[in-house]
Amino acid sequence: MLTAAIASGASAFTPVGRAMPLQRARVGGPKLQMGFFDNLFGGGGQAEANHILIKGEGADKKCEEIKQKIYDTALKGTDASKGVQPEKLISAFQQNARKFSSCPSSKQGGSLGSFGKGQMVPEFDQVVFNEQIGVVHGPVRTQFGSHLILILDRDD
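Everything numeric in this text was worked out from a predicted model, so none of it was measured.

Conventions used here
- Residues numbered from 1 in each chain as written.
- Predicted model: local features only at pLDDT ≥ 70, side-chain atom pairs only at ≥ 80, totals over all residues.
- Heavy atoms only, no water.
- Salt bridge = Lys/Arg side-chain N within 4 Å of Asp/Glu carboxyl O.
- Helix = DSSP H or I, 4+ residues; strand = E, 2+ residues; numbered from the N terminus.
- Buried < 20%, exposed > 50% of the residue type's maximum accessible area, 1.4 Å probe, protein only.
- Contact = heavy atoms within 4.5 Å.
- Core = buried A, V, L, I, M, F, W, Y, C linked by side-chain atoms within 4.5 Å.
- Phe/Tyr/Trp six-rings, centres within 6.5 Å; stacked < 30°, edge-to-face > 60°.

Participant: Looking at this model, I keep getting lost on the pattern of salt bridges. Mind explaining?
Facilitator: Here the idea is simple: oppositely charged side chains can pair when their charged atoms come close. Applying the stated criterion across every chain yields a total of two salt bridges. The salt bridge partner of Lys61 is Glu65, with a shortest N-O separation of 3.7 Å. Of this pair, Lys61 and Glu65 both sit in helix H2 (residues 59–75), separated by four residues, roughly a single helical turn.

Written as structure tokens, this is what we have:
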């Protein structure tokens, strides 16, 4: 099963065993430094992620089913051993977020935009700031329910 390969640390965007993070173009120059406020929410590091929130009984199981749908859609008509094209994975994730997520961000395909360490609940931060970019992670349980998380970018 593909999700087993992904869970073992393989990148969704590259063939198994050749994990490479998603590279996104960065716009602009150096970071704006504001002194005291720079580390107010946990110190440095920004991330960009999309998520799907599932609430209620059986939320973890529903997350697993949605995760499989995302990969099935993203890999449709391609060779899974060559990995998933980032655009296809992001598109499949956003479609499923619009359809299944109970978070208001579902209207934006689950996009949470850019955020810093400490701005999200600890369980969410743990995944976003430590796990592999370009892979659908989860289910991740928080006080709000169970999440699927797709990390798009991160300052390390």
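Participant: How do you make sense of the environment of Ile90 when you look at a structure like this?
Facilitator: Inspection of the secondary structure puts Ile90 in helix H3 (residues 86–100). Here Ile90 falls in the buried class, since its relative accessible area comes to 18%. Sequence spacing of Ile90 and Leu152 is 62 residues, and the spatial spacing of their C-alpha atoms is 8.6 Å. Setting aside residues no more than four positions away along its own chain, Ile90 makes contact with Leu150 and Leu152.

Participant: I tried to follow the nonpolar core on my own but got confused; where do I start?
Facilitator: Side chains that are nonpolar tend, in soluble globular proteins, to be buried together. Of all hydrophobic cores here, the largest spans 20 residues; its most connected members are Ile52, Ile70, Leu89, Phe93, Val136, Leu148 and Leu150. Per element, the largest residue contribution to this core is seven residues, and it comes from H2. Not counting the four nearest positions on each side in its chain, Phe93 is found in contact with Asn50, His51, Ile52, Ile70, Gly109, Val136, Leu148, Ile149 and Leu150.

Participant: What am I meant to see in the packing of aromatic side chains here?
Facilitator: Aromatic rings considered in pairs are described by the distance between their centres and by the relative angle of their planes. On inspection of all chains with the given rule, the structure shows two aromatic pairs. Considering the side-chain rings of Phe115 and Phe129, the 6.2 Å spacing of their centres and the 90 degrees angle between planes classify their relative orientation as edge-to-face. Within this pair, whereas Phe115 is found in strand E2 (residues 111–116), its partner Phe129 is found in the loop between helix H4 (122–128) and strand E3 (136–142), the two being separated by 14 residues in sequence. Assigned by exposure class, Phe115 and Phe129 land together as buried.

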